[in-house]
Amino acid sequence: MVQQDHQPMALAGLKVLDLSRILAGPYATQLFADLGADVVKVENPDGGDDTRRWGPPFTSKADGGRGDAAYFSACNRNKRSITVDFASVAGADLLRDLAKTADIIVENFRPGGLQKYGLDYASIAAINPGVIYCSITGFGQTGPYANRPGYDFLIQGMGGLMSITGQPDGSPGAGPVKVGVAVCDLFTGLFTANAALAALAYRNRTGKGQHIDCALLDSQVAMLANQSANWLNAEFCPTRMGNHHPSVVPYTVYKAADGFVIVACGNDKQFIRLTAALGVPEMGDDAAFMTNEARIKNRDRLDLELGNAIADFDRETVITLLEKAGVSCGPINDIAEVFDDPQVQARGLRIDQRRSDNSPISSTAFPAKLSETPAHYHSAPPLLGEHNDDVLRQWADLSEEAIAALRSNKVI
């Protein structure tokens with residue numbers, strides 16, 4: 001499903017210069033692009049964003065040849081790509097020209113890494129005082145780890161997430177496990193986008209731009225939520241619990257006769273309805289299970305008895321019974337099953353597009369549904385350097401001769 005160009009866009013007229021690579025920064029800038037900003041992705045002429053090559057799997061060209069890695073399509077929709085060698089003086093000068101009119105700049109180089117090119121915040125703010133300049137790093141611009149490289153996997157470990165993810169000690173397969181998608185990168189992209197829009201609102205009132213320092217570690221620690229609250233307020237250090245919830249029971253995976261189901265029972269009334277629906281109402285009357293606090297204390301016994309009851313039914317029967325009872329329950333889908341799910345299809349979460357070379361490419365939709373200014377999918381993830389001429393004419397007011405000279409000198 002691709003929407004048409006006549007829809008109003010919340011961020012129409014906003015100019016975003018995207019100097020970032022991989023996932024966190026590009027994810028943030030795709031959010032801007034989906035909501036109408038003109039996002040120009042600046043890439044190295046020698047291959048571009050690393051994720052163009054992070055395959056297999058790869059996308060397919062219209063002629064059947066190999067395209068970019070599928071990874072690249074996750075966070076580069078609705079952008080224009082230009083290639084600039086800003087290690088050269090002419091390339092750095094060109095980017096500063098583009099930065100003069102940018103509203104937001106996003107970069108993910110190491111602290112101080114762009115200073116030698118005159119592309120750091122201080123240099124850009126000197127020529128564009130209203131710029132909102134977002135720096136994304138593993139550990140931030142300050143602190144003893146500031147100059148360390150930081151990747152999502154590392155941050156999941158250092159930020160505490162892996163200490164609470166995986167099977168508990170003493171059980172089969174015990175040990176810390178990373179989450180199956182780069183959540184630290186994605187959290188940081190979301191925080192970056194939120195912070196930039198807040199800074200934009202401030203600039204609209206005051207005319208002042210600002211520097212935004214976003215770190216993967218900071219984002220991960222912030223996203224510990226109730227788990228960090230348990231430590232900060234009660235000095236209870238959470239541990240790995242597999243699929244169990246530290247504060248709610250039953251809230252885990254059970255095995256039905258033909259597969260697994262998730263049961264998430266949020267309160268005592270739901271538990272009574274749950275046990276009645278499964279034909280074991282005596283569990284709801286048992287003092288050991290009558291309150292959530294009691295169920296936590298008797299978690300192992302409850303899981304055994306409830307698991308035995310669920311094992312007598314096939315998966316669809318369990319889901320149907322519990323849905324009718326108003327208890328949250330569902331299957332564990334693989335990714336293929338996710339996009340076959342009728343609810344996912346009804347919500348339009350798959351976006352199919354064509355690139356300028358007519359090759360097909362698909363991505364996941366912007367999840368929030370804005371009633372007046374919905375997200376818009378006007379262009380597929382760009383080919384490398386596809387928009388060099390258009391952007392340099394429109395943003396830097398360069399002539400065809402000047403663009404040809406940059407190309408001849410291998411600046412673009």
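Use the structure listed above.
Residues numbered from 1 in each chain as written. Predicted model: local features only at pLDDT ≥ 70, side-chain atom pairs only at ≥ 80, totals over all residues. Heavy atoms only, no water.

**Student:** An account of the pairing of strand E4 (residues 66-69) is requested, with residue identities and associated values reported.
**Tutor:** In this structure, strand E3 (residues 58-60) lies alongside E4, joined through 2 bridges in antiparallel fashion. In the sheet register, Ser-60 faces E4, and the bridge partner there is Arg-66. (Pairing = 2+ DSSP bridges. Helix = DSSP H or I, 4+ residues; strand = E, 2+ residues; numbered from the N terminus.)

**Student:** Report on the sheet that holds strand E9 (residues 251-256), specifying residues and quantitative values.
**Tutor:** Taken in spatial order, the 3 strands make up an open sheet running E9-E10-E11, and their pairing is antiparallel. Pairing within the sheet leaves two strands with one partner each, and these edge strands are E9 and strand E11 (328-331). Strand-to-strand twist in this sheet, taken as the mean axis angle between neighbours without regard to direction, amounts to 25 degrees. Where E9 meets strand E10 (residues 259-264), 6 bridges bridge the pair, whose relative direction is antiparallel. Of the residues in E10, the one forming a bridge with Lys-255 is Phe-260. Across the sheet, helix H11 (residues 299-310) is in contact with E9 and E10; its angle to E9 comes to roughly 40 degrees. Helix H12 (residues 315-324) rests against E9, E10 and E11 of the sheet, and its axis sits at about 155 degrees to E11. (Axes fitted to C-alpha atoms, helices over the stretch in contact; angles between N-to-C directions. Contact = heavy atoms within 4.5 Å.)

**Student:** Which residues make up the environment of Thr-275, and what are the values?
**Tutor:** By the element assignment, Thr-275 lies in helix H8 (residues 268-277). Taking the C-alpha atoms as reference, Thr-275 lies 11 Å from Phe-289; in sequence the two are 14 residues apart.

**Student:** Outline the pattern of salt bridges, supporting the account with residue identities and numerical values.
**Tutor:** Counted by the stated rule, this structure contains 20 salt bridges. Ionic pairing is found between Asp-38 and Arg-80, a salt bridge with its closest N-O pair at 2.8 Å. Placement of the pair is Asp-38 in strand E2 (residues 38-43) and Arg-80 in strand E5 (residues 79-83), with a sequence separation of 42 residues. Two residues, Glu-293 and Lys-297, come together in a salt bridge whose shortest N-O distance is 3.8 Å. (Salt bridge = Lys/Arg side-chain N within 4 Å of Asp/Glu carboxyl O.)

Structural measurements only, silent on function.
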